[in-house]
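Structural overview for review
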Amino acid sequence: SRMPRVVSAPSTGWSIPASILVMSAITLVYTWHGGLKAVVWVDVVQLVVYLAGGIAALMIAIELAGGAEHVFAAAAAANKLRVIVPGIDFTATYTLLGGLIGGAMLSAASHGTDHLIVQRLLASRGLRDARVALVGSGVVVIAQFALFLLIGTTLWAAGLAPDSVPADQIFSRFVVQHLPAGLAGLVIAAILAAAMSTQSSAINALASSVTHDLYASWTGRRDPVHLLRIGRLWTLVWGVLITGVALLFQTVAGGGQTPVV
């Protein structure tokens, strides 16, 4: 029947292991073949599809909820539009102080030392471009988070986020059950693009780190052609390892109860 497939993998109708294998295989092919350049340019296309799908989904959700005025009125009454929580409270999950300290530490770790981001900065044309990319990414991330948080609020206002449905399945169910066929395809493509974008960056970063920071340093080999072969080999190794870990996590976490991670 349709429902078990929707529960197991709401975005595609496939089982979760099948989804992992298909996306991993496609991602590995273009990452292995094109390296960082392929990762960056494919990410550009994926971002456009991702944001276009999100905006389209938001418009449909607002219509189902009875209009933007109803959404904001209901959300405000339920205290779901509160952006800043001032004061010091170590028992609250989200506060302004926690956001400032935690956000600063996370950004320093991800954008300052994580090769997943640093590799892109190193590939910039110059220091100025790297700085623009670094600051610009923060602005884009804020806008992106705001968009999808607003989608979640709108789905709640439309009554499409019941407590009985796991949080990581609410949006996927909405896509499958309420969007027109063509638009649903666009949004599903956006969901897959987001997953593939993260995976391709991670694979390339891991392969690059092992090749240049470890292999080249230990062996003294600097021949670009040789290092390219080694980099592609490690791209394949890391792609397989990441896929294996994802499948293992799916098994250990209990099948259908696997969180979105």
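Residues numbered from 1 in each chain as written. Predicted model: local features only at pLDDT ≥ 70, side-chain atom pairs only at ≥ 80, totals over all residues. Heavy atoms only, no water.

1. Re the packing of aromatic side chains
The full count for this structure, using the stated rule, is four aromatic pairs. Seen in terms of ring centroids, tyrosine 50 and phenylalanine 148 are 4.9 Å apart; in terms of plane orientation they differ by 20°. Their pairing is stacked. One end of the pair, tyrosine 50, is in helix α2 (residues 16-65); the other, phenylalanine 148, is in helix α6 (residues 127-157), with 98 residues separating them in the sequence. The buried category is assigned to tyrosine 50, whose relative accessible area is 19%. For lysine 80, the ring lying beneath its charged end belongs to tryptophan 156, and the centroid distance is 5.0 Å. One Lys or Arg, arginine 232, reaches over the ring of tryptophan 32 and ends 4.5 Å from the middle of that ring. (Phe/Tyr/Trp six-rings, centres within 6.5 Å; stacked < 30°, edge-to-face > 60°. Helix = DSSP H or I, 4+ residues; strand = E, 2+ residues; numbered from the N terminus. Buried < 20%, exposed > 50% of the residue type's maximum accessible area, 1.4 Å probe, protein only. Lys NZ or Arg CZ within 6 Å of the ring centre and 35° of its normal.)

2. A closer look at the environment of serine 197
Take serine 197: it is sitting in helix α8 (residues 181-219). A relative accessible area of 18% places serine 197 in the buried class. The spatial distance from the C-alpha of serine 197 to the C-alpha of alanine 157 is 30 Å, given a sequence separation of 40 residues. Leave out the neighbours within four places in its chain, and serine 197 touches Asp43 and Gln46. (Contact = heavy atoms within 4.5 Å.)

3. Let's talk about the pattern of salt bridges
Taken as a whole and judged by the stated rule, the model has two salt bridges. Linking arginine 120 and aspartate 43 is a salt bridge whose minimum nitrogen-to-oxygen distance equals 2.6 Å. With arginine 120 in helix α5 (residues 115-122) and aspartate 43 in helix α2, this residue pair connects regions lying 77 residues apart in the sequence. Among the residues examined, arginine 120 registers a relative accessible area of 27% and is labelled partly exposed. (Salt bridge = Lys/Arg side-chain N within 4 Å of Asp/Glu carboxyl O.)

4. Focus on the packing of α8 against helix α9 (residues 224-252)
Their axes nearest at 8 Å, the elements α8 and α9 cross at an angle of 130°. Considering their axes alone, α8 and α9 lie oblique with respect to each other. Viewed along their axes, α8 and α9 form a crossing whose handedness is right-handed. Where α8 approaches α9, its residues Gln199, Ala202, Ile203, Leu206, Ala207, Val210, Thr211, His212, Tyr215 and Ala216 are matched on the opposing element by His226, Leu227, Ile230, Gly231, Trp234, Thr235, Trp238, Gly239, Ile242 and Thr243. Partitioned by chemical class, the residues of the contact of α8 with α9 number twelve nonpolar, eight polar and no charged. (Axes fitted to C-alpha atoms, helices over the stretch in contact; angles between N-to-C directions. Parallel < 35°, antiparallel > 145°, perpendicular 65-115°, else oblique. Left-handed = near helix turned anticlockwise from the far one by under 90°. Nonpolar A, V, L, I, M, F, W, Y, C, P; charged D, E, K, R; others polar.)

5. Overview of the layout of surface pockets
By volume, the second largest pocket amounts to about 300 Å³. Lining the second largest pocket are 18 residues; nearest its centre among them are Asn204, Ser208, His212, Leu228 and Gly231. Listing elements by their share of the lining of the second largest pocket, those giving two or more residues are α2, α8 and α9. Of the residues belonging to the lining of the second largest pocket, the class tally is six nonpolar, eleven polar and one charged. (1 Å grid on protein atoms, 1.4 Å probe; cavity = no way out; pocket = protein on both sides within 12 Å on 5 of 7 lines; lining within 4 Å. Points joined across faces, edges and corners; volume = space filled by probe spheres on them.)

6. Here we look at the packing of α2 against α9
Look at α2 against α9: their axes get within 10 Å of each other, and the N-to-C directions meet at 165°. Overall, the two elements α2 and α9 adopt an arrangement that is roughly antiparallel. Handedness of the crossing formed by α2 with α9: right-handed. Where α2 abuts α9, its residues Ile16, Pro17, Ile20, Leu21, Ser24, Leu28, Thr31, Trp32 and His33 lie against Arg232, Thr235, Leu236, Gly239, Thr243, Ala246, Leu247 and Gln250.

These values are about where atoms sit, not about what they do.
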